[in-house]
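# Structure assessment
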Amino acid sequence: MANSVLGNSTSNMTGSVSFTCPSCKKEEIIRTRNEREIVANYSCKCGFTGPN
Ligand SMILES: [Zn+2]
């Protein structure tokens, strides 16, 4: 189970991952393990949304 697919920093704290918004490349988006498991949508201040 590799989280490296996102190609950015990962944290082992609670299985959460954080990555820079692929759209504006400014905002950091943090997703928890649970959010990924349920494929929760995320959104950025720039208006970018999506599951990854
Ligand atoms: Zn953004």
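As a starting point, this report considers the structure included with it.

About the criteria used
- Here the residue index of a chain counts from 1 through its sequence in written order.
- Given that the model is predicted, a residue must reach a pLDDT of at least 70 before its local features are reported, and side-chain atom pairs must reach 80 or more before they are shown or counted; all residues, however, enter totals for whole chains, interfaces and linings.
- To qualify as a helix, a DSSP run of H or I must reach at least 4 residues; to qualify as a strand, a run of E must reach at least 2; elements of each kind are numbered from the N terminus.
- The burial criterion counts other C-beta atoms lying within 10 Å of a residue's C-beta, which is placed from the backbone; the residue is buried at 20 or more, exposed at 12 or fewer, and partly exposed between these limits.
- Contacts here follow a simple rule: the backbone-placed C-beta atoms of the two residues must lie within 7 Å.

Its identity as a non-glycine residue notwithstanding, Lys-25 has a phi of 55°, on the positive side. Relative to the elements of secondary structure, Lys-25 occurs in the loop between β1 (17–20) and β2 (28–31). Residue Lys-25 is classed as exposed on the basis of its C-beta count, with 8 C-beta atoms lying within 10 Å. Phi is positive for Val-39, close to 50°, though the residue is something other than glycine. Mapped onto the elements of the fold, Val-39 is located in the loop between α1 (33–37) and β3 (42–43). What makes Val-39 exposed here is the crowd of 9 C-beta atoms within 10 Å.

Here we take up the environment of Ser-16. Summarising the element assignment, Ser-16 is placed in the segment before β1. When the C-alpha atoms of Ser-16 and Thr-32 are compared, they prove to be 4.0 Å apart, with 16 residues separating the residues in sequence.

To continue, consider the environment of Val-17. Its location among the elements puts Val-17 in strand β1. Assessed through the 21 C-beta atoms surrounding it within 10 Å, Val-17 is described here as buried.

Here the focus is the environment of Tyr-42. Structurally, Tyr-42 is set in strand β3. The partly exposed category is assigned to Tyr-42, around which 15 C-beta atoms lie within 10 Å. In sequence terms Tyr-42 and Ile-29 are 13 residues apart; their C-alpha atoms lie 7.9 Å from each other. In this structure Tyr-42 touches Ile-29, Arg-31 and Thr-49, once residues within four positions along its chain are discounted.

Note that all results are geometric; they support no functional claim without further evidence.
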